[in-house]
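Examining the three-dimensional arrangement
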Amino acid sequence: MNVVDRFLQYVKFDTQSDELTNMTPSTPGQMIFAQHLEKELRELGLKDITLDDNGYLMATLPANTSRANVPVVGFIAHLDTSPDMSGRHVSPRIVEKYQGGDITLNADKGIVLSPDEFPELNHYIGQDLIVTDGNTLLGADDKAGIAEIITAIAYLIKHPEIEHGDIRVAFNPDEEIGQGAHKFDVELFGADWAYTMDGGEIGELEYENFNAAVAKVTFTGRNVHPGYAKHKMINSLRIANQFAIMLPRWETPEHTEGYEGFYHLTSIEGTVEQTVLTYIIRDHDRDRFERRKKEFEHLTRKINKEFPGVASLEINDQYYNMREKIEPVKHIIDIAIQAMKNVDVTPKVVPIRGGTDGAQLSFKGLPCPNIFAGGLNFHGRYEFVPVPSMEKATDVIVEIARLVAAK
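A brief report on the enclosed structure follows. Fair warning: this is a prediction, and the values are worked out from it, not measured in the lab.

Considering the overall build of the protein chain
The helix and strand tally for the protein chain stands at 10 helices and 17 strands. By the compact-globule yardstick of 22 Å for 407 residues, the protein chain fits well, its C-alpha radius of gyration being 24 Å. For the protein chain, the spread of C-alpha atoms along the principal axes amounts to about 85 × 55 × 40 Å. Pairs at least 24 apart in sequence give 79% of the contacts found in the protein chain among residues at least 6 apart. Accessible surface, the protein chain: about 18400 Å² in total, of which carbon and sulfur atoms supply 48%.

Regarding the side chain of E176
On the secondary structure map, E176 appears in the loop between β8 (167–172) and α4 (186–189). At 3.1 Å, the side chain of E176 forms a polar contact with the side chain of H379. Residues in contact with E176, not counting those within four places in the same chain, are S17, H78, D80, T81, S82, P83, D141 and H379.

Some details on helix α1 (residues 3–10)
Along α1, the residues that are buried comprise V3, V4, R6, F7 and Y10. When α1 is viewed along its axis, its buried side chains cluster within an angular range of 160° and face the same direction. Buried positions along α1 lie against α2 (28–44), β4 (93–95), β7 (129–131), α3 (140–158), β17 (384–386) and α10 (387–406).

A closer look at the pairing of strand β3 (residues 73–78)
In terms of burial, β3 is largely enclosed, as six of its six residues are buried. On β3, burial covers both faces: V73, F75 and A77 on one face and G74, I76 and H78 on the other are all buried. Bridge count between β3 and β8: six bridges; the pairing is parallel. Note on β8: the bridge partner recorded for V73 is I167. Strand direction decides the pairing type here: β3 and strand β9 (residues 193–199), joined by four bridges, are parallel. What sits directly across from F75, in β9, is Y195.

Remarks on the environment of I167
Within the element layout of this structure, I167 appears in strand β8. Separated by 91 residues in the primary sequence, I167 and I76 have C-alpha atoms spaced 11 Å apart.

With respect to the packing of helix α8 (residues 331–342) against α10
Any two packed helices are characterised by the angle at which their axes cross and by the distance between the axes. Relative orientation of the contacting elements α8 and α10 amounts to 120°, with a least axis distance of 9 Å. The orientation of α8 with respect to α10, classified from their angle, is oblique. Crossing geometry of α8 relative to α10 is assigned as right-handed. The residues of α10 that touch α8, namely those facing I335, A336, Q338, A339, M340 and N342, are V396, E399, I400, R402, L403 and V404. Looking at side-chain class alone, the contact of α8 with α10 contains eight nonpolar, two polar and two charged residues.

With respect to the sheet that holds strand β1 (residues 47–51)
Backbone-to-backbone hydrogen bonds pair the strands of a sheet. The strands run either parallel or antiparallel. The strand order across the open sheet formed by eight strands is β1-β2-β8-β3-β9-β16-β10-β15, and the pairing between neighbours is mixed. Among the strands making up the open sheet, the edge pair consists of β1 and β15 (348–349). Lying on the sheet, α3 is in contact with β2 (57–61), β3, β8, β9 and β16 (370–372); it crosses β3 at an angle near 145°. α10 rests against β3, β8, β9 and β16 of the sheet, and its axis sits at about 135° to β16.

Details of the environment of K364
By secondary structure assignment, the location of K364 is in the loop between α9 (357–363) and β16. Sequence-wise, K364 and H182 are 182 residues apart; in three dimensions their C-alpha atoms are separated by 9.5 Å. Apart from residues lying up to four places away in sequence, K364 is in contact with A181, H182, K183, F184 and V186. Separated by 2.8 Å, the side chain of K364 and the backbone oxygen of A181 make a polar contact. For K364, the side chain forms a polar contact with the main-chain oxygen of F184, separated by 2.9 Å.

Quick notes on the packing of α1 against α10
Here α1 crosses α10 at 110°, and the two axes come no closer than 10 Å. It follows from the interaxial angle that α1 and α10 lie roughly perpendicular. Here V3, V4 and F7 of α1 come into contact with α10, specifically with V387, M390, E391 and T394. Considered class by class, the residues forming the contact of α1 with α10 number five nonpolar, one polar and one charged.

Cut-offs and rules
- Residues numbered from 1 in each chain as written.
- Predicted model: local features only at pLDDT ≥ 70, side-chain atom pairs only at ≥ 80, totals over all residues.
- Heavy atoms only, no water.
- Helix = DSSP H or I, 4+ residues; strand = E, 2+ residues; numbered from the N terminus.
- Rg over C-alpha atoms; globule rule 2.2 N^0.38 Å.
- Contact = heavy atoms within 4.5 Å.
- Areas by Shrake-Rupley, 256 points an atom, 1.4 Å probe, with all protein chains shown as cover.
- Polar contact = N/O pair within 3.5 Å; in protein donor to acceptor, adjacent residues only side chain to side chain.
- Buried < 20%, exposed > 50% of the residue type's maximum accessible area, 1.4 Å probe, protein only.
- Arc of directions from axis to C-beta.
- Pairing = 2+ DSSP bridges.
- Axes fitted to C-alpha atoms, helices over the stretch in contact; angles between N-to-C directions.
- Parallel < 35°, antiparallel > 145°, perpendicular 65-115°, else oblique.
- Left-handed = near helix turned anticlockwise from the far one by under 90°.
- Nonpolar A, V, L, I, M, F, W, Y, C, P; charged D, E, K, R; others polar.

Spelled out as C-alpha cells, the structure:
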C-alpha cells in the first residue's frame, strides 16, 4: 500500500476532537482509528506495540545495523482532526495533473478552490492534488503525517539494505485541542529525539513556536433600571469594551506575521452584570511574551483605579517556544536539513505561528522539531494536499533514519 492509498483510507475515520468532553481521547473515533493503526503496525511486524486507555499508540521498528550507539529516533503524528469543521463522511478526490485555475469542489453549493483566493495553488501546477468535496475538511492535518510515517516504516522493512537504528513511532490524540502531549509518556517512548510530521507545505522545518498564554478578564457590574441609573449603574459591557480598546490595535492576528506576536480576543460573553473577555497571548520572544502578560496586569489595575474592584484577571501559560530546548541539540535540525537536501527537497526553516505537540514534548525532555506533512489550508473545506509532497515527506523520514545510523 502506498502513501496515497493509506491516506485515502485514513481520512474515512471520523476523529474530530472535542475540548468539552474532558476525556482522553476526547472522542471515541480517535480510539477506533488508533485500534486500526495498531492492527496495521502488528501486520507490518513492528515490536513493543502499546495502545493505552488514553489512545496513545507506540511501536518500534528494531534496528538492523551492527553499529554501536546509534541513537533512537522517533516520528510522531496526531490522530485527531480539528473541531473547526466536520471530519465526518470525508469524501476526497484526486485532481490529476492540476492545470491551474479554479477547482470546483461542490458544484451544487458553488464551492470553488481558486488560486485567486489561495495563490499557493500555483506552486503545484502539473501535480496530483487531493481535495475535499466542499462539505468537510480533508484531514491531511495530520493523517498525511500518519500515512507518511507508516509508509516510510514499511519501506524500510522491505529494504533491509538501508541500515537504521531503533525507530520509535507514536500516534497521539487531541493535538488540535492542545492536549496531545499532556499524557504522552516520554520515558516509555524512549527516543533520544523525535520529529512531529505535522507541518505544512513541502520543505517546511520548524523548531520555533509561540510562547502562549490564555488570559481571562472578568468585569463585575451592577444592574439598575436604566431610567434611574445615574451614579448607581456599573455597566460591565461598557467597561470591558474600554479595556479592549486600550490594547494596541495593530498587535492582532490580522495585522501580524513572521515573528510578530499578538493579543487575540477570542470570545466575549456578557451582560450589564458581568462580562468576560478571553484572549490568547502569543510571542516568539520570551521577554516580549512576559511583557505582554504584564500589560494585561497593568491595564487591569488601570481599570480598577477608575472603577474600584470591577476587574479581575486570570492568566495561564499554555506552552513555550521549543527553540530553547532544540538549540542545545541543533544537530537534529542539521540531520533533517541534510535529509531534505538528499531527497531533492529545499528546506524552509520557518517559525510556527502557533503551537505543536513537539513544543510541549520538548519541555518534557523529548526534543521534537516539526517537519512538513505537505498539506495546505488546514481546518476547513479548502484543505488540500499535493501527492508529491506526501511522497517526499515519506522519503525524508527514510533518509533521516539512514543518516542517523550512518553518522
